[in-house]
Amino acid sequence: MPRKSGSAFGIVAATALAMMLTGAPAMASNCTPAKDTAALQVRTLQSHLMVAGLSCGQSAQYNQFVSQFESELVTQGKSLTSYFNRQYGGAARKELNAYVTRMANEASRRSMANRKAFCQESQGVFQTLSAMPKGNLVSFISDQSPFSIQNDACATRTAQKQ
C-alpha cells in the first residue's frame, strides 16, 4: 500500500495486525499466468515486509520500500484485483481480502517461529531492494525468491482454506 502520510504506516500496521487472526496460505502447482503469478508474489512479499516492519522494528525500511516501488506496487495491486475478479466474480473482494489475510498470517507465523532469522532475512531483503532501481521488483522476486516465495503459485481458489 503506498505511503501517503506519516500515519499511513500506522494504519497499514493496524490493519495487518487485525488481519493476522485467522487462516493460512494455500500453495499449489504451476497453473497461473505469469502476470498473475507476479501480482500474487508481489503481494506476498509486501505482506512479509509489512510484518517485518511491525515485528522487527523495520518500519522505516518498509516505508522506503513502499515509496521506492510505489508504481510497481500499484500496478501489481491492480493486476491482483483483476485476477481475483476473473476468478471469483462477485466474491472477488471477499476472496482477495481472505488471500491478503492469509499472506499476512503466514508472514506472522514465520516471524513468531524464528524472529531472529525472519528479521535477519527481512533486513537483507530491504538492503537488496534499496539498492535496486525502480522497475525491477518482479524480477527480484523471481530471481531471489525471498521468504521462500514460490514462483509457481496457483491461485485458482488460492484464497480458500486447505
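Here the residue index of a chain counts from 1 through its sequence in written order. Per-residue local features of the predicted model are confined to residues with pLDDT of at least 70, and side-chain atom pairs are confined, for both listing and counting, to 80 or more; whole-chain, interface and lining totals are unaffected and use all residues. Remark: hydrogens and water are excluded; side-chain values derive from all non-hydrogen atoms of the structure.

Attention shifts here to the packing of aromatic side chains. We describe a pair of aromatic rings using the distance from one ring centre to the other and the angle between the two ring planes. Geometry of aromatic contacts follows a simple scheme: Phe, Tyr and Trp rings, the Trp one being its six-membered ring, pair when their centres are within 6.5 Å, and the pair is stacked under 30 degrees between planes, edge-to-face over 60, tilted otherwise. Scanning the model with the defined rule gives five aromatic pairs in all. Ring geometry for Tyr62 and Phe65: centres 6.1 Å apart, planes at 45°, overall tilted. With a gap of three residues between them, Tyr62 and Phe65 both fall in helix 3 (residues 59–68), about one helical turn apart. The pair formed by Tyr62 and Phe65 is uniform in burial state, with each residue classed as buried. Here Phe84 and Tyr99 contribute two aromatic rings whose centre-to-centre distance is 5.5 Å and whose plane-to-plane angle is 45°, an arrangement assigned as tilted. Residue Phe84 is found in helix 4 (residues 70–88), and its partner Tyr99 is found in helix 5 (residues 92–113); the two are separated by 15 residues along the sequence. Exposure class is identical for Phe84 and Tyr99. Each is buried. Here a set of aromatic residues connected by ring pairs shows up, and it is made of Tyr83, Phe84, Tyr88 and Tyr99. A helix here means a DSSP run of H or I that spans at least four residues, while a strand means a run of E at least two residues long, and both kinds are numbered starting from the N terminus. Burial status follows relative accessibility: with a 1.4 Å probe on protein chains alone, a residue under 20% of its type maximum counts as buried, one over 50% as exposed, and anything between as partly exposed.

Each reported salt bridge corresponds to a side-chain nitrogen of Lys or Arg within 4 Å of a carboxyl oxygen of Asp or Glu. A complete count under the given rule lists four salt bridges for this structure. The salt bridge partner of Glu106 is Arg110, with a shortest N-O separation of 2.9 Å. Of this pair, Glu106 and Arg110 are both found in helix 5, four residues apart, which corresponds to roughly one turn of the helix. Members of the salt-bridge network, linked through shared partners, are Glu106, Arg109 and Arg110.

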